[in-house]
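# Structural overview for review
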Amino acid sequence: MPPPPPPPPPLPLLLLASLAAVAAGPGCPLGRGRAGECHGPSATDSATCVDPQLRTCSDVAYNHTAFPTLLGLRSREAVESSSEYILLSVLHHLLEGQCNPDLRLLGCAVLAPRCGGGRVHRPCRHVCEDLREACQPAFDAIDMAWPYFLDCGSYFASVEEGCHDPLEKLRGGLDAEEALPSGLPPTFIHFTHHSYAQMVRVLRRTAARCAHIAKTYSIGRSFDGKELLVIEFSARPGQHELMEPEVKLIGNIHGNEVAGREMLIYLAQYLCSEYLLGSPRIQRLLNTTRIHLLPSMNPDGYEVAAAEGAGYNGWTSGRQNAQNLDLNRNFPDLTSEFYRLEASGSIRSSRIPIPQHYWWGKVAPETKAIIKWMRTTPFVLSASLHGGDLVVSYPFDLSKHSQEEKFSPTPDEKMFKLLARAYADVHPMMMDRSENRCGGNFLKRGSIINGADWYSFTGGMSDFNYLHSNCFEITVELGCVKFPPEEALYTIWQHNKEPLLNFVEMVHRGIKGVVMDKFGKPVKNARILVKGIRHDITTAPDGDYWRLLPPGSHIVIAQAPGYSKVIKKVTIPARMKRAGRVDFILQPLGTGPKKFLLGPRRSGSAVRDPLGGAGPYGEPREPGQEPLGARRQPSAGGSKPWWWSYFTSISQHKPRWLLKY
């Protein structure tokens, strides 16, 4: 995919760039009303159609406009210098992406109306009314009046009068069955099965509507050439931020297990709409976490399964990829190597390398794409969504006992159980006490199970995540029907929405920090060890790390080649839901520890000294952690709203029509 367009300049710069033009006046030859609005001419049956050449309106669905406009603006220059046009150019920022580009296109249809056949075509009134109903809350949230020039009764026409739909270009890319019901916002979730093309359109449309917090990108292609499309959400999509943990959720690794695919498509739309609506929980989550959703890891297999249809799909039709490979058996078997090293007594598992002979076999392009993705992104937490049962399983999936399926825990057994319970304990059906239900045989286990204790297999993705990277991955079986009928999808979403959010929030458990040298330079690939847990993680290129840990006291060690190790004792309270900050400053070998190291003063020998704590563990607020809604509260005491200062540099005709009082 081509690189995304550069982000727009900050809001004040956009306004200042227009200042010179605006200073001459917003160009309203027929005069203004008491609120400062332009009086436009009546509709005309004769007009000269010209190219609008307006940057903010460059993507309208027509090529010609006419002057004077519906607001009485007689030239392109007059439009560009008007406060109405400036508002359209910054509305995306003011409303934090909500109702974009719909409102901008609607405003352009008034400022530069469509011209064709020698006459001006006004935008449709019903489109304006639908948008106002959907978008009025966004204006209310920032204490802004609805713009006068978007008054549906003044500058719009009915279908009978020959109006045009300014949003037709947005709807043009949808199949007929995808068109949203009239009056519903475009982020409305349609609980249906999605073909590959429909899935791609929904993800890209969602990313476009939430462009300031979302982005789509491809991690590779399937064997049949379909893009493995990911949508990510974060405060700065497209880049890793220091100490911001990364989470991935993967669906449809087996092509005929489709519930996970749909859940992630719905989750993407939900995150976008809830963020725009000002949900404190979702804004806090996306402002502090980078979330990657891959709805379909096996789009080729899905096409095979979908051809048979929901409810008619066999147990295995479409399970494999187009090469007839089971993708969840196609990853390197590092678990056997772990058991071998563990038996020799020489193992602290940390990024076990992929054996060369693995590449001599048949490795699917989908598998290669996931491995590359993991190597380029410092994932901390992951879930793979499956179907066929109702349970959450966690590593190891390969039994330590080759001849039998038997409990085979990782060194992080306690943490994995917490992660699994974070999902299962808030899933209403997993907590249903009936043993006759789907997954009832797991009820006595709390609907969670060690994978090898259920059934053992090699080449699984979850074991590979744990042993080759810093990432902890669980497997979620969403239900006994692998390809559920469409009418069941809404209920499945209701059962899994809260578990998905609760699980993602678990990425903030444990500790995080930065490993630096004495000059403040980050130390990448430094190892973070925890006494009693024989599994280490490593720092990212910026020196930051995240270590998922259960509540309790832990001895944490940071070490890197050429440096003395630093040891700290940390205590994680049981109810702490934000990772504690624990930084490490490493000294070059031979220099000894310095007194400015974090933690209490050290006493005793240098070997056993560094057992000091890392200080109090509150919930420090990181930069950018404050929800956007914090600045969107209405003003009090008659003062101007926060956004008014952006318009005060305009010397004439300030847009007082945006004030509610």
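Residues numbered from 1 in each chain as written. Predicted model: local features only at pLDDT ≥ 70, side-chain atom pairs only at ≥ 80, totals over all residues. Heavy atoms only, no water.

Filter applied, for reference: UniProt positions are given in the numbering used here, feature names are shortened, and annotations may be inferred rather than shown by experiment.
The protein has the name Carboxypeptidase Z in an unreviewed UniProt entry, where Felis catus is given as its organism. The UniProt entry for the protein carries the following comment under Cofactor (unreviewed entry): "Zn(2+)".

### Quick word on the overall build of the protein
The condition is simple: Only DSSP runs of H or I covering at least 4 residues are called helices, and only runs of E covering at least 2 are called strands; the numbering of each starts at the N terminus. Buried, partly exposed and exposed residues are distinguished by accessible area as a fraction of the type maximum, computed with a 1.4 Å probe on protein chains only: under 20%, between the cut-offs, and over 50%, respectively. Only heavy atoms matter for contacts: two residues are in contact if any of them lie within 4.5 Å across the pair. Method for areas: the Shrake-Rupley scheme with a 1.4 Å probe, in which residue coverage is limited to the protein chains shown.
Assigned secondary structure in the protein consists of 17 helices and 18 strands. Burial statistics for the protein: of 661 residues in total, 55% are counted as buried. Sequence separation of 24 or more characterises 75% of the internal contacts of the protein that already satisfy a separation of 6 or more. For the protein, the accessible surface area stands at approximately 27700 Å², while carbon and sulfur atoms represent 53% of it.

### Re empty space enclosed by the protein
Definition in use: Cavities and pockets were defined on a 1 Å grid built over protein atoms only: a cavity is a set of grid points that admits a 1.4 Å probe from which the probe cannot escape, a pocket is an open set flanked by protein on both sides within 12 Å along at least five of seven lines, and lining residues are those with an atom within 4 Å of any such point. Grid points are joined across faces, edges and corners, and a volume is the space filled by probe spheres set on the points. Residues are sorted three ways: Asp, Glu, Lys and Arg are charged, Ala, Val, Leu, Ile, Met, Phe, Trp, Tyr, Cys and Pro are nonpolar, and all the rest, Gly among them, are polar.
One pass over the full model with this rule turns up 3 cavities of 30 Å³ or more. Its boundaries defined by the atoms lining it, the largest cavity holds a volume of some 50 Å³. Considering the residues around the largest cavity, the lining is formed by P332, D333, L334, T335, D397, L398, F457, T458, G459, G460, D463 and F464. Tallied by class, residues from the lining of the largest cavity come to 5 nonpolar, 4 polar and 3 charged.

### Details of the layout of surface pockets
Its boundaries defined by the atoms lining it, the second largest pocket holds a volume of some 500 Å³. Around the second largest pocket, the lining is made up of 29 residues, and of these M374, R375, T376, T377 and P378 lie nearest the centre. Elements represented by at least two residues in the lining of the second largest pocket include exactly β3 (214-221), β6 (290-294) and α13 (365-376). Within the lining of the second largest pocket, the residues separate by chemical class into 9 nonpolar, 12 polar and 8 charged.

### Section: the UniProt feature "active site" (unreviewed entry) in the protein
UniProt tags E477 as "active site" (unreviewed entry). Position of E477 relative to the elements: it lies in strand β10 (residues 472-479). Taking the relative accessible area as the measure of exposure, E477 reaches 6% and is therefore buried. Every residue in contact with E477, bar those within four places of it in the chain, is listed here: H386, G387, G388, D389, L390, V391, M430 and W454.

### Remarks on the pairing of strand β16 (residues 566-572)
For clarity, the cut-off: Should DSSP find at least two bridges between two strands, the strands are regarded as paired.
Buried residues dominate β16, accounting for 5 of its 7 residues. Pairing geometry for strand β15 (residues 552-559) and β16, over 7 bridges, is antiparallel. From the neighbouring strand, G552 faces β16, where its bridge partner is I572. Between β15 and β16, which pair antiparallel one after the other, the connecting turn spans 6 residues, and G562 there sits at a positive phi close to 90°.

### Observations concerning the state of the cysteines
For clarity, the cut-off: A pair of cysteine sulfur atoms is labelled a disulfide when the two atoms are within 2.5 Å.
Across all of its chains, the model carries 6 disulfides by this definition. For C57, the disulfide goes to C108, at an S-S distance of 2.0 Å. Taking the torsion about the S-S bond as the criterion, the C57 to C108 disulfide, at about -85°, is left-handed. With C57 in the loop between α2 (19-23) and α3 (76-80) and C108 in helix α5 (residues 102-111), this pair connects stretches of sequence that are 51 residues apart. Neither residue differs from the other here; C57 and C108 are each classed as buried. C128 shares a disulfide with C152; S-S distance 2.0 Å. Negative torsions about the S-S bond denote left-handed disulfides, and the value of about -80° found for C128 with C152 makes this one left-handed. In this pair, C128 sits in helix α6 (residues 125-141) while C152 sits in the loop between α6 and α7 (168-171), placing the two residues 24 residues apart along the sequence.

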